[in-house]
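Commentary on secondary and tertiary structure
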Amino acid sequence: MKTHSRLNNLLGALAVHLNDSIRDSTAKAAGHDASAPAALVQIGSFTGESLAQLQAALGTTQSATTRVVQRLRDAGLVRTPINAQDGRGVAVQLREAGCAARADILTAREHVLNNALSVLSDDDAAQLLVLLEKMLLHLVPNRAVADVTCRLCDVAACPQDSCPAEPSNRVA
């Protein structure tokens, strides 16, 4: 493929802008730093997730994940009952306030993305959707990368059975 310097530059600038805007708006909505919004979204999407599963999705160290969960627990957003299956591990769950914060986070993210997409016609948006699906299929090769890539996704808007980042949806 031919190198497209201008396309690369514009795509990079858009990616940085969207990343910064999403990070700032979701942190503000959560009232916590940038890792907390993703943690709340993940915990709400996959209730009862272990700390190890959450760590993998956040792409953080075990100690960083533990600190995020402790801050969220101290803020009354999550609870961490002992895992009933092994009696040792922790299953992280949202409290009512955590569910509300998660909804605010997803709304803030959606607002940023809707603003970016607002300049596109319906046809442009449909074309972009096809291209984004194609790019995600190429860039997300496995479960570990999918979990990190989709850590702030609204699974109701893009369920796993139709998500292009979901490895099980790949055609062999």
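Residues numbered from 1 in each chain as written. Predicted model: local features only at pLDDT ≥ 70, side-chain atom pairs only at ≥ 80, totals over all residues. Heavy atoms only, no water.

1. A short note on the overall build of the protein chain
Tallying secondary structure elements over the protein chain gives seven helices and three strands in all. In terms of overall size, the protein chain behaves like a compact globule, its C-alpha atoms giving a radius of gyration of 17 Å where 172 residues would be expected to give roughly 16 Å. C-alpha atoms of the protein chain, sized along the principal axes, occupy 55 × 40 × 25 Å. Here the protein chain, with 172 residues, has 28% of them falling under the buried criterion. Across the protein chain, every contact between residues at least 6 apart in sequence was considered, and the portion connecting residues at least 24 apart equals 56%. Of the roughly 10800 Å² of accessible surface on the protein chain, a fraction of 56% belongs to carbon and sulfur atoms. Of note, the protein chain has its 16 positive side-chain charges centred 7 Å away from the centre of its 17 negative side-chain charges. (Helix = DSSP H or I, 4+ residues; strand = E, 2+ residues; numbered from the N terminus. Rg over C-alpha atoms; globule rule 2.2 N^0.38 Å. Buried < 20%, exposed > 50% of the residue type's maximum accessible area, 1.4 Å probe, protein only. Contact = heavy atoms within 4.5 Å. Areas by Shrake-Rupley, 256 points an atom, 1.4 Å probe, with all protein chains shown as cover. Lys, Arg positive; Asp, Glu negative; His and termini not counted. Charge placed at Lys NZ, Arg CZ, Asp CG, Glu CD.)

2. Quick look at the side chain of S45
As for its position among the elements, S45 is in helix α2 (residues 35-45). When its relative accessible area of 18% is taken as the criterion, S45 is described as buried. Polar contacts involving the side chain of S45 include one to the side chain of R102, which spans 2.8 Å. Ignoring sequence-local partners within four residues, the contact set of S45 consists of R102, C153 and V155. (Polar contact = N/O pair within 3.5 Å; in protein donor to acceptor, adjacent residues only side chain to side chain.)

3. Focus on the nonpolar core
Nonpolar side chains in soluble globular proteins generally cluster together in the buried interior. Counting residues in hydrophobic clusters, the biggest one holds 23 residues, and the most contacted among them are A39, L40, I43, L72 and V78. Those elements giving two or more residues to this core turn out to be α1 (5-30), α2, α3 (51-58), α4 (62-74), β3 (91-94) and α5 (96-117). With six residues, the single largest contributor to this core is α2. Those residues within four positions of V78 in sequence are excluded, and the remaining contacts are L40, I43, V69, L72, R73, V92, Q93, L94 and R95. Grouped together as the second largest cluster of nonpolar side chains are five residues, V140, C150, C163 and A165 included. (Core = buried A, V, L, I, M, F, W, Y, C linked by side-chain atoms within 4.5 Å.)

4. A short note on α1
Here α1 contains 26 residues, and its C-alpha end-to-end distance of 37 Å stays within 8% of the 38 Å for a straight helix at 1.5 Å per residue. For α1, every residue scored as buried is listed here: L18, I22, S25, T26, A27 and A30. Buried residues in α1 make contact with α2 and α5. Residue G31 follows α1 closely and has a positive phi angle near 70 degrees. (Expected span 1.5 Å × (residues − 1).)

5. Digging into a nonpolar patch on the surface
Residues L11, L14, L131, L132, M135 and L139 make up a contiguous nonpolar surface patch of about 540 Å² in total accessible area. Residue assignment for the nonpolar patch shows that the elements contributing at least two residues are α1 and α6 (122-139). Broken down by element, the residue count for the nonpolar patch peaks at four residues, all from α6. Along the chain, the position of L132 falls in helix α6. Overall, the relative accessible area of 39% leaves L132 in the partly exposed class. (Patch = residues over 30% accessible without salt bridge, like charges linked within 9 Å, V, L, I, M, F, W, Y side chains within 5 Å. Salt bridge = Lys/Arg side-chain N within 4 Å of Asp/Glu carboxyl O.)

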